[in-house]
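Descriptive analysis of the structure
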Amino acid sequence: MKNFLNDEFFDRLEVLSLNFKSSLMGLFGGTHKINSYGQTVEFADFRDYVLGDDVRKIDWNLFARFGKYFIKLFTDERRMHIRIFLDCSRSMGAVKEKAEYAISVAAAFGYLAVRNMDKVSFYLINEDKCENPFGYLVGKNAFFSVIENLAKVKFEGDAKISDAILSTSALGGNDGISVIISDFFTDNDWQKAVNYLTFKAHQVLLVQTLLPDEIHPSFTGRSELIDSETEQFVDGRHLRLRIGRQMISAYTQAMDEYLEEIKTFSRKLGIDFLTVSTGVPIEDMLFKRLLDIGLFRRLT
Amino acid sequence: MILQWLLPLGFLGLAGIGVLAVIYILRPKYTRRVLPSTFMWIRSQKYRRKRMPIEPFRDWLIFLLQALAIAACAIIIASPRLVSEELINESNERVVVIDASASMRSKLVKTTGETRFKRAIDQTKLLVDEVLIRQGGSISVILAGKTPEFIVDDADRHSYSDVIEILEQAECTYGSSDLEAAMLMAEDRVLHNPAAKVTVFSGTELGYMGDAVTFVNLSDSDKEWNIGICNCNASYEQNQYVFYLDVAAYGKVSMDAMLHVEIKGIDNGDGAFDLDPLDVPVSFNVNENGEELVQHVNLIVDPTNEEIGGSLENVVGSFEEVLVQFRGLNDSLPDDDTLMVYGGQRDRVAIEHYVVEDNRNIFFASGIRSLVQRFEKTRDVMFTSTIDEEYAKSSGSDIYMYEHVVPEKIAEMGQNGLPNDGITVLLDPNEEAMREIGPGLGLQFKEHKQLGTFTHLTYGPPHMLTNRVSVEELGISAYDLYEAAPDSGFVPVLYCGDDPVLFARNWHASKIVVMAFSINMSNFPTRPQDFLFLLCNMIDFYMPVTLSQYCFEIGEKATVNCKGSSLLVTNMRGETVSLLTEFPNEVPLDEIGTYTFTTRFSLNKPDEVRKAYVRTPVIESSLFRIEDLNFRIMNSDYIKEMGKDIFFWFAVLAVVLLFVEYWVQHRDIIGGR
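Criteria and thresholds
- Residues numbered from 1 in each chain as written.
- Chains lettered and ligands numbered in written order.
- Predicted model: local features only at pLDDT ≥ 70, side-chain atom pairs only at ≥ 80, totals over all residues.
- Helix = DSSP H or I, 4+ residues; strand = E, 2+ residues; numbered from the N terminus.
- Buried ≥ 20, exposed ≤ 12 C-beta atoms within 10 Å, placed from the backbone.
- Contact = placed C-beta atoms within 7 Å.
- Axes fitted to C-alpha atoms, helices over the stretch in contact; angles between N-to-C directions.
- Parallel < 35°, antiparallel > 145°, perpendicular 65-115°, else oblique.
- Nonpolar A, V, L, I, M, F, W, Y, C, P; charged D, E, K, R; others polar.
- Core = buried A, V, L, I, M, F, W, Y, C linked by C-beta atoms within 7 Å.
- Expected span 1.5 Å × (residues − 1).
- Arc of directions from axis to C-beta.
- Pairing = 2+ DSSP bridges.
- Left-handed = near helix turned anticlockwise from the far one by under 90°.

A count of helices and strands for chain A gives 10 helices and 13 strands. Of all 300 residues assigned to chain A, the portion counted as buried reaches 39%. Long-range contacts, defined here as pairs at least 24 residues apart, represent 77% of the contacts in chain A between residues at least 6 apart.

Attention now goes to the packing of helix α5 (residues 116–134) of chain B against helix α6 (residues 160–169) of chain B. Residue and element names in this part refer to chain B. One can describe the packing of α5 onto α6 by two numbers: an axis separation of 10 Å at closest approach and a directional angle of 170°. Classed by the angle they form, the pair α5 and α6 counts as roughly antiparallel. Residues I121, T124, K125, V128, L132 and I133 of α5 form the contact with α6, whose participating residues are Y160, V163, I164 and L167. Here the contact of α5 with α6 is composed, by residue class, of eight nonpolar, one polar and one charged.

With 77 residues, the main nonpolar core has I84(A), L86(A), A106(A), I125(A) and I181(A) as its most contacted residues. With 13 residues, helix α4 (residues 96–115) of chain A is the single largest residue contributor to this core. Contacts of L86(A), omitting those with residues within four sequence positions, involve A102(A), A106(A), F122(A), Y123(A), L124(A), I125(A) and I181(A). Grouped together as the second largest cluster of nonpolar side chains are 57 residues, L371(B), M434(B), I476(B) and F517(B) included.

In this section: helix α3 (residues 58–77) of chain B. Residues that lie three or four places apart on an α-helix share one face, since the helix turns once every 3.6 residues. All names here are of chain B. For α3, with 20 residues, the first-to-last C-alpha span of 29 Å sits near the 28 Å given by 1.5 Å per residue. All buried positions along α3 are accounted for by L65, A72 and I76. Along α3, the residues classed as buried sweep out an arc of 35° about the axis, all on the same side. Of the residues in α3, the exposed ones pointing more than 90 degrees away from the buried face are D59, W60, F63, A67, I70 and A74. After α3 finishes, the residue S79 shows a positive phi value of roughly 50°.

Attention now moves to the sheet that holds strand β24 (residues 499–507) of chain B. Residue and element names in this part refer to chain B. Spatial strand order, β18-β17-β19-β20-β25-β24-β23-β21-β22: nine strands in an open sheet with mixed pairing. Two strands close off the open sheet at either side, each with one partner strand: β18 (379–386) and β22 (475–484). Here the average twist between neighbouring strands, direction ignored, is 20°. The pairing of strand β21 (residues 443–459) with β22 spans nine bridges and is classified as antiparallel. From the neighbouring strand, T455 faces β22, where its bridge partner is I476. Along the sheet, helix α8 (residues 362–374) makes contact with β17 (347–355) and β18, crossing β18 at roughly 165°. The strands touched by helix α10 (residues 431–441) are β21, β22 and β25 (510–515); relative to β21, the strand with the most contacts, the crossing angle is about 110°.

All names here are of chain B. Spatially, the four strands line up as an open sheet ordered β13-β10-β15-β16, and their pairing is antiparallel. For this open sheet the edge positions go to β13 (278–285) and β16 (338–341), each flanked by a neighbour on one side alone. Adjacent strand axes in the sheet meet at a mean angle of 20°, parallel and antiparallel pairs treated alike. With four bridges connecting them, strand β15 (residues 321–326) and β16 associate as antiparallel partners. When the sheet's bridge partners are listed, V322 is paired in β16 with V341.

Moving on, we come to unusual backbone geometry. The omega torsion across F583(B) and P584(B) is -5°, close enough to zero to call that bond cis. Looking at the element boundaries, P584(B) is found in the loop between β29 (576–580) and β30 (585–588). Of note in this structure, E127(A) is not a glycine but carries a positive phi near 55°. Residue placement: E127(A) occurs in the loop between β5 (119–126) and β6 (129–131). Positive phi is not limited to glycine here, since N330(B) has a value of about 60°.

With 38 residues of chain A in contact, the opposing surface of chain B contributes 26 residues. When contributions to the side of chain A that touches chain B are tallied by element, the ones reaching two or more residues are β10 (221–227), β11 (239–243) and α9 (245–269) of chain A. Ranked by residues supplied to the side of chain A that touches chain B, first place goes to α9(A) with eight residues. When its residues are assigned to classes, the side of chain A that touches chain B shows 17 nonpolar, nine polar and 12 charged. Direction of pairing for β10(A) relative to strand β1 (residues 31–35) of chain B: parallel, over a ladder of five bridges. Note on β1(B): the bridge partner recorded for S223(A) is T31(B).

Residue and element names in this part refer to chain B. Packing of α8 against helix α11 (residues 528–542) brings their axes to within 9 Å, and their N-to-C directions diverge by 60°. As far as their axial angle goes, α11 and α8 are oblique. Note on packing geometry: the crossing formed by α8 with α11 is right-handed. Between α8 and α11, the residues in contact are F363, S366, G367, S370, L371 and R374 and P528, F531, L532, L535 and C536, respectively. Residues of the contact of α8 with α11, tallied by class, amount to seven nonpolar, three polar and one charged.

With that settled, the discussion passes to α5(B). Residues and elements named next belong to chain B. Between its first and last C-alpha atoms α5 spans 26 Å; for 19 residues at 1.5 Å apiece the expected length is 27 Å, and the two agree. Where α5 is buried, its residues contact β3 (93–99), β4 (138–144), α6 and β6 (197–202). The positive-phi residue at the C-terminal boundary of α5 is G136, with phi of around 65°.

Moving on: the environment of T384(B). Residue and element names in this part refer to chain B. Of note, T384 is situated in strand β18. The class of T384 is partly exposed, set by 14 C-beta atoms lying within 10 Å. Residues T384 and I368, spaced 16 residues apart in sequence, show a C-alpha to C-alpha distance of 9.9 Å. Among residues more than four places away in sequence, those in contact with T384 are E352 and H353.

What follows covers the pairing of strand β19 (residues 399–403) of chain B. Residue and element names in this part refer to chain B. With five of five residues buried, β19 is to be regarded as a mostly interior element. Of the two faces of β19, the one lined by I399, M401 and E403 and the one lined by Y400 and Y402 are each fully buried. As paired elements, β17 and β19 share five bridges and run parallel to each other. Residue pairing across strands places Y354 opposite Y402, the latter belonging to β19. In terms of strand pairing, β19 meets strand β20 (residues 423–427) through five bridges, oriented parallel. Residue Y400 lies in a different strand from β20, and its bridge partner there is T424.

The following block contains the structure:
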């Protein structure tokens, strides 16, 4: 973890900021402007006075000019809640690079959240449970106090994303971003969880973390492929294949179709989806791809 | 217990271990790879090139292949054979059975005169031509005589001329045939070649013999008929012979025949003479429409009947031979038209009994009378008893019995004084005489033993003299003790305690019985039957009849015995058939006609001649008889030998199944097992 979760890594993130959808309402006390009007000192707009409005907010200058009562509106700033759902199944941790990458992405989102005074939660999905071992983190101090433990998260067993998220309480609503970091290599109906989060009016980001071998297998020949989540010879996920060019081609085709399937699903729900390869530097993902899709923005 | 292998060839199956080794050597090595997830690999399968859709049935397919492989192994153990009906039908083997019994000598009287046997041979030749030349098959010919034999054995077209020559030289027998044995031999061929066909040529209807057998009945009731003499029995009744005849007609016969009877060598005590021939009329009228083409006629020939030419005033006491013959019949089977009857000369047994007057007993005479009556049917027993030494014979008789005494002239001459032309029986010989002749005989007189009580006798070694004699019931109160020299030839027959009391010697030139106790001192008088049995046994033992019957069917064996030292058997041409010195014995009778049995004596006696007639079997006269062999030869069951071993192909199948199973096992597995 020390490759990414170090000061240098977090320093570089200082130039980035999360870019939330304007429809989010968030929580009180943040720094993010939202579409609704609030109590800040920054002028936003006027509107006609209606009975019941606070007379103190009437703009007397305009009354003097137009002879009508107008109410002066100010912008509102809110705190967002960043929920990071990390797939802690063995398929994510079987290869060290993949786990490190996933944790780093999670940490990056977490850091950007606390740096903007947002609230962040790390949900660790294991089997059909979704645990929040660090609670709600606000502020850098709180974040750095748990970052070491985040690096020690264990990746074990299977991850039933759908069951885990649906069973999670206090997911709030319309209050921030939910980031799901997984390889999405599961038969579990994870789309149901995404549907639920969008129903809760979360801004959702799907980050699919894959190894280069998973995107394009580099091995050939007769192989007994054993799923790391079971490591049982007698299992439905066990395969004995003669991997050749034709097999690789089939795999690539299947992978493309699966990605397209996820993208289509994401487009329908208006959520963001990102596939990242651990072979690609994480900076490329943070400073380019997330900027490209508009989830991050560079501070000027 | 010994371990045996029914099919050692089965060990070839161990070669399968080599196949197994090859399979393991060729077994591809799969690299085990633990992937974070095989999710995409599973999804990718649907984009693979179309493959045989066996995945859903993979487990069942493997089970099926394994089961088939095991089944193939089991079938291999069971030695599978593929029986090809087509193959069987290609075979053309013929087995011909020719009945060579005497009835096959029957001629077609109204046409060509060919015998059944000749016709059978001719038809067999045609069959040989058909099978060997036209069909290119093979043929075997069984000549069914008394002992069936292959005269042609599995001959092919190259042997055609030899087969024809053998068939032309084949001869019919005068006896009966063993068709069942012949059919067994034919069946053996059919078992080896289920497609082989059997053709049987016979004049005897044999019934259904199975679909493999073609029966050719050579009898022809329109062209064959026969009259034959079934039997002529010369029965000795009331001191005379009476002749009973059984003659029969077979086929559609309606005629009056004349039976010619010649009785020769009649001897009623006034010298032998031949009777003028008798002509006995016999009428036959077999119902042509009846199912049974047989008529038996029983006749009694009376030589005193003038109507048949009888000129004999007295009865027939003995005769040398009787000729019974149908003359000029010209029937199909002439071999049974003639019959010779022998046995009219009965054995003569002359018994000379000499006893001192003081010891003469009525019991002995009554015993002899019973003996005469007992042998009335087979022997003439003449008994002479005297108390005067002057009349006591020492020659000219068959049995010399000296009771209590030995004639002085014999005693004076020692052993050489004993009769040399018969059996000498010394009944309780006197001590003085035995001291004279005993050493020469090998019997040493020791002492006279007077027992205080009545003592039962016991058996010595088994001996014919004691047949039917209840020795355990016999007892004596006194006897003379003799010691027999080891080389004397005397065999102890009865014992009293440890001492032998009855000796018997049966040398060709010296037949002697010594009874060392007096009848008066025994309980023989109260058990006359035992004494009678003892005398009977003595005659049967020393003077057995040569023949017990005088008419035989050809192929039979005559049981002969001999009262002399040897027996010469000659056939009707005077040729020696056998010269026998061991008795009883058997003489094979293979020719029709009269056999002569001449007994030669080492004793001073002339040769004794007896004759017997050998004829064709009576049953062979019945030309249209029906017999059921109850024998079936079927070739509808196409069994073995014709089948092809498919052992190898099942072995190949097993290997292929194992390979396929191996391929399926190692085919890409999706979803694990």
